[in-house]
Amino acid sequence: MTAPRPLHDRALDNLSYIRSAMERAGSFIAVPGWGSVAVGATALVATWIASRQKTDAAWLAVWLGEAVVGVAIGGAALVRKARAARDPLLSGPGRRFGLAFLPPLLVGGLLTIALHQAGLFQSMPGMWLLLYGTAVITAGAFSVRIVPLMGLCFSLLGAAALFAPARWWPVFMAAGFGGLHIVFGWIIARRYGG
């Protein structure tokens, strides 16, 4: 017959279990993997279309259209995954995720208007990638570990894009909004479900 485990050891096991349960309860797990892959695919199409535009304004129109498409696809996938996981969107981690994600995007929208008015289109790809990365990093603090890493990759790409020549816009837009969404979306889908 084995001796019973000391009370101290059982208490440490219980604390470890409680800590793990609290971390899981505090994470927003509804970040859509396959939805991100779909957003990445549409961004690659938008890159191709935008690169064939003759004016900066037409280029911007393509990317604003892609932003609408991306928000629709990503939002629908997020809602679907949250409902399937019974992960509430308007309370707890879902609410914190949204409140952290939205401010950088709103700032990006305002800066897009200001840069358009000033004719500074060359700053838009870097600024968009940086602010989207910031949104993903800050919101990722309330999600699974890979999400902030994805945001960091967007931000690093955005920093490089700020100082790159305008002829490289398609490369940065395709690599960021296309490639990073596809790669990280696939990883998220495989590790954390669709």
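Here is what the cut-offs are and how they apply
Residues numbered from 1 in each chain as written. Predicted model: local features only at pLDDT ≥ 70, side-chain atom pairs only at ≥ 80, totals over all residues. Heavy atoms only, no water. Helix = DSSP H or I, 4+ residues; strand = E, 2+ residues; numbered from the N terminus. Contact = heavy atoms within 4.5 Å. Areas by Shrake-Rupley, 256 points an atom, 1.4 Å probe, with all protein chains shown as cover. Lys, Arg positive; Asp, Glu negative; His and termini not counted. Charge placed at Lys NZ, Arg CZ, Asp CG, Glu CD. Phe/Tyr/Trp six-rings, centres within 6.5 Å; stacked < 30°, edge-to-face > 60°. Buried < 20%, exposed > 50% of the residue type's maximum accessible area, 1.4 Å probe, protein only. Expected span 1.5 Å × (residues − 1). Bend = angle between axes of the 7 residues up to and from the residue.

A look at the overall build of the protein chain
Broken down by element type, the protein chain carries seven helices and zero strands. The secondary structure elements of the protein chain, listed N-terminal to C-terminal, are α-α-α-α-α-α-α. When contacts within the protein chain are restricted to residue pairs at least 6 apart in sequence, long-range pairs at least 24 apart make up 74% of them. As displayed, the protein chain offers around 11,100 Å² of accessible surface, 70% of which is attributable to carbon and sulfur atoms. Across the protein chain, the 16 positively charged side chains and the 6 negatively charged ones have centroids separated by 5 Å.

A few points about the packing of aromatic side chains
Across all of its chains, the model carries nine aromatic pairs by this definition. Centre to centre, the rings of Tyr 132 and Phe 154 are 4.8 Å apart; their planes meet at 75 degrees, and the pair counts as edge-to-face. Of this pair, Tyr 132 sits in helix 5 (residues 124-140) while Phe 154 sits in helix 6 (residues 146-162), and the two are 22 residues apart along the sequence. Accessibility assignment for this pair places Tyr 132 and Phe 154 in one class, buried. An aromatic cluster of at least three residues, connected via ring pairs, comprises Trp 63, Phe 97, Phe 101, Tyr 132, Phe 154 and Phe 177.

What about helix 7 (residues 169-192)?
Two residues of an α-helix separated by three or four positions point the same way, owing to the 3.6 residues in each turn. Between its first and last C-alpha atoms helix 7 spans 32 Å; for 24 residues at 1.5 Å apiece the expected length is 34 Å, and the two agree. At Gly 179, helix 7 shows its maximal bend, which comes to roughly 35 degrees.

Geometric descriptors of this kind do not, in isolation, establish any biological role.
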